[in-house]
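An overview of the molecular structure
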Amino acid sequence: TMIVVNSVMAGFGTEMRSRIQGILSDVIILTRSYRIKGNIHLLPGARVTDFLVDSKDFLALTDVEVWELGGRQVLVAPFVNVSRDQIEIVTPEAN
């Protein structure tokens, strides 16, 4: 019985990872001082615009790289909140 449970749970984990990957959207955010590259997590069927409209004071990003506009990388982090007040442009990253 334990082998069956472990097998089912392993399959569930694989399915959840693929669902989560399916709702990640790579974005570039520009502020006055920084270019921020990261992922936002969208609900199935949602657009980046929907995410922005529904966000409160901060946007949550994962797998983040922050660059000064001059080109120097200043931060790599698994998670960052970006203040909406500082955002000038948000665009999907061209892959």
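Description of the structure in this document. (Residues numbered from 1 in each chain as written. Predicted model: local features only at pLDDT ≥ 70, side-chain atom pairs only at ≥ 80, totals over all residues. Heavy atoms only, no water.)

**Regarding the environment of V48**
- Positionally, V48 belongs in helix α2 (residues 48-54).
- Under the relative-accessibility criterion, V48 is labelled buried at 14%.
- In this structure the C-alpha to C-alpha distance between V48 and S25, which are 23 residues apart in sequence, comes to 7.6 Å. (Helix = DSSP H or I, 4+ residues; strand = E, 2+ residues; numbered from the N terminus. Buried < 20%, exposed > 50% of the residue type's maximum accessible area, 1.4 Å probe, protein only.)

**Digging into the nonpolar core**
- Residues I29, I36, I40 and L61 are the most contacted members of the largest nonpolar core, which totals 15 residues.
- Among the secondary structure elements, those contributing two or more residues to this core are β1 (24-31), β2 (34-41), α2, β3 (58-68) and β4 (73-83).
- The dominant element in this core, judged by the number of residues it contributes, is β3, at four residues. (Core = buried A, V, L, I, M, F, W, Y, C linked by side-chain atoms within 4.5 Å.)

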